[in-house]
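# Chain and residue survey
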Amino acid sequence: MPFELALPDSCKPWKVKIFDNELLCEEPHVTIVFKTTRWRYSLRSRKMLDKQPDPKGVGDEILAEIRAKHDVLCREWDARFPTNPVTSAEEERS
Amino acid sequence: MNSVSETSASTYSRRVGHAGALTPIWVSSQEQAAEAAVSEDKHIVWIVKKPHLVDRVAYEIATVKTYKKGGYLVLLANARPAIIPPLERRFTAVAFASSVLPAEELQEVWSLPDRGERFIGGIVDESSTTLTLWRGNFESVTVPFGAFPPTGNGIRPDFKRFSVIEYGQTLKFGEYESDSEAILFEFAADFRRKLKQTRFAEDQGLGASIRRLRRQRRLSRNEFVNIDAKTIARIEQGKSKNPRAATLETIARVLGVQKKELASY
């Protein structure tokens, strides 16, 4: 079951999700969903991952919710993807 | 402070109204089936659910002898092998699916310029343990069930409960959900090329490709038989400029691709 961050009613129909199968070749992230558009937010750098779609399209309220629940999101990611945990940057250790 | 509704509305409006938009028509009568068989409108997607209406489309094609290519066809009914050739001759593309997006989402996806990066539906084949997915541009990708591994906390896909949701960007198998990009990255070379030109533009070398594929396969550097983890690290970091062919063969084999494909990831 994907993890979906509980958002206040004022944020509907936005969603913030961690899927059960993700693009793991990139750093741990959450996906921000609004209708046909998706953005990705890095759980390591705490920044938006992509230049497109324009990160400014994500409302401050959504980002504030993500930042407030950062620890929960990291735990959920790590539980699903132990080979690519948020807190262990394999490349840096090599 | 950005308003959630304002920003979303502007993003949304920019993406609709694409010039090459396709229009879905759900075929629900014999008359519509006959129309589908002769229409030359290349921007219509005919969606047929009932087997007898699929038969009617095939019959009309044979009767009217229209050879000019029409639009697209999505079959939600089992198509017998005998009627597949006329359908494929008549339509620009034919998709076979057990499940497709809801009607309103299909219409939306077919109006988007990036529809090829979304899935409109698919069909599960439990005998071969594969899933064939149809992209919004009517190209298909067939993937093994193994492309949807269980999560670290034990969540597994239920292939009997397959559906496509969230405008073709999420594949759902009961409680399990997969980001469509994870599948496109592994199985669609054109999607990988696009990612390499955009997101991966600063990390283009063979080593970076190997690292991405290894991570996607959920493998550690210790899982390459006869190759030291430090050697894998040096290759991935571009410090080993000319890895031996045998080493690359082993890496490719462990990662489940051909050696010549490694650099595409």
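Not measured: the values here are computed from a predicted model.

## Observations concerning the pairing of strand S7 (residues 130-135) of chain B
Residues and elements named next belong to chain B. Most of S7 sits inside the fold, with six of its six residues counted as buried. Remark: four residues form the turn of the hairpin made by strand S6 (residues 119-125) and S7, two consecutive strands paired antiparallel; Thr129 in that turn has positive phi of roughly 50°. Relative to strand S8 (residues 140-144), S7 is paired through five bridges, and the arrangement is antiparallel. Bridged to Leu131 within S8 is Val143. What sits between the antiparallel neighbours S7 and S8 is a turn of four residues, in which Phe138 has the positive phi angle 70°.

## Looking at the interface of chain B and chain A
Each side of the interface is counted separately: chain B has 44 residues, and chain A has 38 residues. Interface of chain B and chain A: buried area, both sides summed, is about 3,700 Å²; carbon and sulfur atoms make up 50% of it. For the pair chain B and chain A, the number of links is seven salt bridges. Arg38(A) is the partner of Glu166(B) in a salt bridge, and the nearest nitrogen-oxygen pair spans 2.8 Å. Our enumeration of links across chain B and chain A arrives at 21 residue pairs in polar contact (both at pLDDT 80 or more). Breaking the side of chain B that touches chain A down by element, the ones donating at least two residues are helix H1 (4-15), strand S11 (176-179), helix H6 (180-187), helix H8 (206-216) and helix H9 (229-236) of chain B. Top element by residues in the side of chain B that touches chain A is H1(B). It accounts for six residues.

## Remarks on the packing of aromatic side chains
All names here are of chain B. By the definition in use, this model includes 13 aromatic pairs over all chains. Seen in terms of ring centroids, Phe148 and Phe173 are 4.6 Å apart; in terms of plane orientation they differ by 55°. Their pairing is tilted. In this pair, Phe148 sits in the loop between S8 and strand S9 (162-165) while Phe173 sits in strand S10 (residues 170-173), placing the two residues 25 residues apart along the sequence. Taken as a pair, Phe148 and Phe173 share a single burial class, namely buried. Cluster of aromatic residues (ring-pair linked, three or more members): Phe145, Phe148, Phe159, Phe162, Phe173 and Tyr176. Across from the ring centre of Phe91, 5.9 Å away, lies the NZ or CZ of Arg90, which sits over that ring. When the ring centre of Tyr265 is taken as reference, the NZ or CZ atom of Arg192 above it lies at 3.9 Å.

## Things to note about the state of the cysteines
Here a disulfide denotes a covalent bond joining the sulfur atom of one cysteine to the sulfur atom of another. Residue and element names in this part refer to chain A. Considering all chains together, one arrives at zero disulfides over all chains under this definition. Sulfur of Cys11: no disulfide; nearest cysteine sulfur belongs to Cys74 and is 20 Å away. Judged by its relative accessible area of 0%, Cys11 is buried. Looking at the unpaired Cys74, the closest cysteine sulfur is the one in Cys25, lying at 19 Å.

Scoring rules and cut-offs
Residues numbered from 1 in each chain as written. Chains lettered and ligands numbered in written order. Predicted model: local features only at pLDDT ≥ 70, side-chain atom pairs only at ≥ 80, totals over all residues. Heavy atoms only, no water. Buried < 20%, exposed > 50% of the residue type's maximum accessible area, 1.4 Å probe, protein only. Helix = DSSP H or I, 4+ residues; strand = E, 2+ residues; numbered from the N terminus. Pairing = 2+ DSSP bridges. Contact = heavy atoms within 4.5 Å. Buried area = accessible area lost by both parts, 1.4 Å probe. Salt bridge = Lys/Arg side-chain N within 4 Å of Asp/Glu carboxyl O. Polar contact = N/O pair within 3.5 Å; in protein donor to acceptor, adjacent residues only side chain to side chain. Phe/Tyr/Trp six-rings, centres within 6.5 Å; stacked < 30°, edge-to-face > 60°. Lys NZ or Arg CZ within 6 Å of the ring centre and 35° of its normal. Disulfide = S-S within 2.5 Å.

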